[in-house]
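Chain and residue survey
These are the residues of each chain, in order.
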Amino acid sequence: MERTEVEAILDRAEALLPAVDGTRKATQIQESAVFGLVFLEDSTRTRLSFETAIHRLGQRAVAMTSTGSSTSKGESLVDTARNVAAMGVQGLVVRCRQSGGAARIADEVDVPVVNAGDGRHEHPTQGLLDAAALRSRLGSLEGRRILIVGDIGNSRVARSDIYSFTALGAAVTLVGPPSMVPWHLASLGHSIVVSHELDPVLDQADAVVTLRIQRERSSSGTVPSDYREGFGLTKDRCRNLRREVPILHPGPANRGVEIDDGVLEDASRCLVLDQVRHGVAVRMAVLERAMAGASG
Amino acid sequence: MNHDTAKPSSRILLTGGRLLSPADDLDLSGDVLIEDGRIVALGQDVDAGSADHRIDADGLLVCPGLIDPHVHLREPGQGAKETIATGTAAAVNGGFTSVCCMPNTAPTIDSADQVEWVRLKSEATGRCRVFVAAAATIGRRGESIAPIHTEIAAGAVAITDDGDGIDDAAMMHRVLATCASLGVPFMQHCQDPSLTRDATMHEGVVSARLGLVGWPRVAEEIMLERDLRLNRSIGACYHAQHLSSGGSVAILDQARRDGVRATGEVSPHHLLLTDAACDGFDTNAKMNPPLREERDRQALVQGVADGVITVLATDHAPHAAAEKALPFEEAPLGIIGVDCALPLYVEALVASGAIEWPRLVELLTIEPARLLGLDRMGLGRLRPDGPADITVIDPELDWTIDVEQFASQSRNSPFHGRRVRGRAMLTMVGGRIECDRLGVASMA
């Protein structure tokens, strides 16, 4: 995405925050639109976030999840999405375990499709909401250095974070053990560097995003048993960050693995709940854009 | 073989073409007289006498029938992808008169009965000669060795677990020793499975961007290197299939210099495309081994030019449209090849200046014939009393690849719409004309 596009979404999301907080109603984007949420991979906050965003926009959502649906009878991703689209919904929000799955569905249906996370590929609204939370904290991302720590290779959040952060002028350092952060990931954009150690780069950080260790996506034996010693955001390690440096986590957190309890609950530093709040606003802005594009 | 357009008992004269058979030191302008499925005479003073058909081959190359040592015909059991009838129709459409089919069918071709079944089915429905590569292990599972002696006795010409490599070194040793004792080639799909779990494309910049698990070069190289080490003392006829990595070319080169008995093959897509073709999650660029990077592509072309890689093979891998329409990670591996391979080889190897036409013909005829022992039947050559397996090629014809014109049942090709040069104009299998772009049938 271009910088202007990212900024337009973030600006709109910021304007929508009062609607998220319930202090003001958002204007309706369209009469009685129904969105189909096709969530074929486990999700709690992303699905609820999209549902909330849809409700705040005065629209309705129907949701399907993989358990108890036809996907457990072996129906393919595209067939499932086609059927939901055929029910006459005005847009689809898709979470799937296949990289490229959301785009594949978009090729096959006539309604807008919002990617809510496709395999290891991308999670665009997460990237945008992380940027929104950071921008609101730091003022601007221009020239800032942001550390992303964890299993970058398997992380769709990391990819989308990289794209939205760098679009806004930030530099990114990808941090983790070599098994999780191969050198070629530096190719994901300009001003991206790879570090296989966390401690030596802590003092460069203007912000830290720590990722969840995804046991469901890493083949057995790739998570070092001493991950916390090298890369966990422990209280001790956070003392080496400048005091104002914020910490983000996309959730759900493995407490005591990639982030310690005390850090997660340090409200002065840790933006996790702020991320969730911005998430609803960003998704409202994205859904508005998707619908405007569809009718325009 | 049915579908004859010209009866094999008739006398056919191919006149004025450039007769090109490197195995026979033949490269001259002349005629070929064919009768009863065999070449009666060829050269510059053929007594045409009472030919029933005269085919003007002026300006065309008259070559031994092309041989593809690596195709998937999908029978038994996978008729939604391809059948022996459609796969061999695709082969003759592309100029191939012989193919060797792989055993990763359902069920696996891992017994004399299965080899026999494919032979009978090919005789009944095939449009070209079909040779069988039978499995090395039962079910291609790598656990127990297949009845290799009886597979060969039933007519199999090679042994392979293609689709998977033989991972276990002791099993590899056993299979190589068995193949050596029988004097039959073993063909390895080099892929260390522990390095390619969940992998769907080359590990590199593109896989990083697409969020796909990468299949690193070393997974191919490590198995190739191990196999060559084993074969150093065994001396089997070891053949590495569909090489994809530049490093593999260097490994094979060194082993051959050291006197290890080994050959290698390369496919049109690895000679022409890179992992960039996977962008946009294009499942027609998903194959195994995967498309790699420009430096690998160049090393493979150079490997052919240097004589390290001596066999060309399409790895023709048909899949139904619905299967290739699945998301990238779920779509099956492979692309079809035989309908359009020839001009792709021409583009990658001749137009690029890596080799010249006579060497290309050698790579497509006598080299695979020697690998599979088909030269003993006279295949891969043009000579009197040899089988009349002949491919007539227009080396200058410009055309556009259109998958809708393919004879294969499937359409999974990344080359659709590509402008190419060079085309098979006539494919003759045992004297029967199976593909005719010269209008011979209408002259009859």
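Residues numbered from 1 in each chain as written. Chains lettered and ligands numbered in written order. Predicted model: local features only at pLDDT ≥ 70, side-chain atom pairs only at ≥ 80, totals over all residues. Heavy atoms only, no water.

Before going further, it helps to spend a moment on the domain arrangement of chain A. Accessible area lost upon the coming together of the parts serves often as the stated size of an interface. All names here are of chain A. Examined at the domain level, chain A breaks down into domain 1 (3-123 + 277-295) and domain 2 (124-275). Between the C-alpha centres of domain 1 and domain 2 the distance comes to 25 Å. Each partner contributes residues to the interface: domain 1 has 27 residues there, and domain 2 has 29 residues. Taken together, the two surfaces of domain 1 and domain 2 that pack against each other cover about 2400 Å², and 53% of this comes from carbon and sulfur. (Domains from an automatic or database assignment. Contact = heavy atoms within 4.5 Å. Buried area = accessible area lost by both parts, 1.4 Å probe.)

So, about a nonpolar patch on the surface. Residue and element names in this part refer to chain B. Taken together, the side chains of Leu195, Val218 and Ile222 make up a nonpolar region of the molecular surface, amounting to roughly 220 Å² of accessible area. By secondary structure assignment, the location of Leu195 is in the loop between strand S10 (186-188) and strand S11 (201-202). Given a relative accessible area of 34%, Leu195 falls into the partly exposed group. (Patch = residues over 30% accessible without salt bridge, like charges linked within 9 Å, V, L, I, M, F, W, Y side chains within 5 Å. Areas by Shrake-Rupley, 256 points an atom, 1.4 Å probe, with all protein chains shown as cover. Salt bridge = Lys/Arg side-chain N within 4 Å of Asp/Glu carboxyl O. Helix = DSSP H or I, 4+ residues; strand = E, 2+ residues; numbered from the N terminus. Buried < 20%, exposed > 50% of the residue type's maximum accessible area, 1.4 Å probe, protein only.)

Bringing the sheet that holds strand S6 (residues 66-71) of chain B into the picture now. Across a sheet, strands are paired by hydrogen bonds formed along the backbone, either parallel or antiparallel in direction. Residue and element names in this part refer to chain B. The strand order S6-S7-S8-S9-S10-S13-S14-S15 describes an open sheet built from eight strands, whose pairing is parallel. Each edge of the open sheet carries a strand with a single partner, namely S6 and strand S15 (311-312). Relative to strand S7 (residues 96-101), S6 is paired through four bridges, and the arrangement is parallel. From the neighbouring strand, Ile67 faces S7, where its bridge partner is Ser98. (Pairing = 2+ DSSP bridges.)

Now for the packing of helix H1 (residues 3-20) of chain A against helix H5 (residues 124-138) of chain A. Two packed helices can be described by the angle between their axes and the distance between those axes. All names here are of chain A. Running from amino to carboxyl end, H1 crosses H5 at an angle of 65°, the nearest separation of the two axes being 10 Å. Compared by their axis directions, H1 and H5 come out roughly perpendicular. Remark: the crossing between H1 and H5 carries right-handed chirality. Where H1 abuts H5, its residues Val6, Glu7, Ile9, Leu10, Asp11 and Glu14 lie against Leu128, Ala131, Ala132 and Arg135. (Axes fitted to C-alpha atoms, helices over the stretch in contact; angles between N-to-C directions. Parallel < 35°, antiparallel > 145°, perpendicular 65-115°, else oblique. Left-handed = near helix turned anticlockwise from the far one by under 90°.)

Take the nonpolar core next. Ile159, Val175, Phe186, Leu271, Leu312 and Leu360 of chain B are the most contacted members of the largest nonpolar core, which has 98 residues in total. A total of eight residues in this core trace back to one element, the largest contributor, which is helix H11 (residues 341-350) of chain B. Of the residues that make up this core, three or more belong to each of domain 1 (12-62 + 386-443) and domain 2 (65-377) of chain B. Among residues more than four places away in sequence, those in contact with Leu312 of chain B are Pro69, Val266, Leu271, Val304, Tyr345, Leu349, Leu360, Leu363 and Leu364 of chain B. Membership of the second largest hydrophobic core comes to 81 residues, among which are Leu185, Leu198, Val245 and Ala285 of chain A. (Core = buried A, V, L, I, M, F, W, Y, C linked by side-chain atoms within 4.5 Å.)

At the junction of the two partners, chain A supplies 15 residues and chain B supplies 16 residues. A combined buried area of about 1400 Å² lies between chain A and chain B, and 57% of that area is made up of carbon and sulfur atoms. Between chain A and chain B we count two salt bridges in total. For Arg120 of chain A, the salt bridge goes to Glu329 of chain B, with nearest N and O atoms at 3.8 Å. Here chain A and chain B share six residue pairs in polar contact (both at pLDDT 80 or more) between them. (Polar contact = N/O pair within 3.5 Å; in protein donor to acceptor, adjacent residues only side chain to side chain.)

In this section: the pairing of strand S17 (residues 419-429) of chain B. Residue and element names in this part refer to chain B. Counting buried residues along S17, nine of its eleven residues qualify, which places the element largely inside the surrounding structure. Of the strand pairs in this sheet, strand S16 (residues 390-400) and S17 are connected by eight bridges, and their pairing is antiparallel. The residue bridging Asp398 from the neighbouring strand is Arg421, located in S17. As paired elements, S17 and strand S18 (residues 432-436) share four bridges and run antiparallel to each other. Across the sheet, residue Leu426 finds its bridge partner in S18, namely Asp436. Here S17 hands over to S18 after two residues, with Gly430 in that stretch at a positive phi of 55°.

Turning to the sheet that holds strand S9 (residues 247-248) of chain A, a few remarks are in order. Residue and element names in this part refer to chain A. In space, the five strands of this open sheet follow the order S7-S6-S5-S8-S9, with parallel pairing throughout. Since the sheet does not close on itself, it has two edges, and those belong to strand S7 (192-195) and S9, each with one partner. When strand S8 (residues 207-210) meets S9, the two strands line up parallel, connected through two bridges. The residue of S9 that forms the bridge with Val208 is Ile247. Together, strand S5 (145-149), strand S6 (171-175), S7 and S8 form the strand contacts of helix H6 (residues 156-167), whose direction differs from that of S5 by roughly 175°.

Residue and element names in this part refer to chain B. The full count for this structure, using the stated rule, is three aromatic pairs over all chains. For the pair Phe281 and Phe328, a centre-to-centre distance of 6.4 Å together with 65° between the ring planes defines the contact as edge-to-face. One end of the pair, Phe281, is in the loop between helix H8 (268-272) and helix H9 (294-305); the other, Phe328, is in the loop between helix H10 (321-324) and H11, and 47 residues separate them in sequence. Relative accessible area serves as the criterion here: at 14%, Phe281 is assigned to the buried category. For the cation-ring pair, Arg423 lies above Trp399, with the distance from its terminal atom to the ring centre recorded as 3.7 Å. (Phe/Tyr/Trp six-rings, centres within 6.5 Å; stacked < 30°, edge-to-face > 60°. Lys NZ or Arg CZ within 6 Å of the ring centre and 35° of its normal.)

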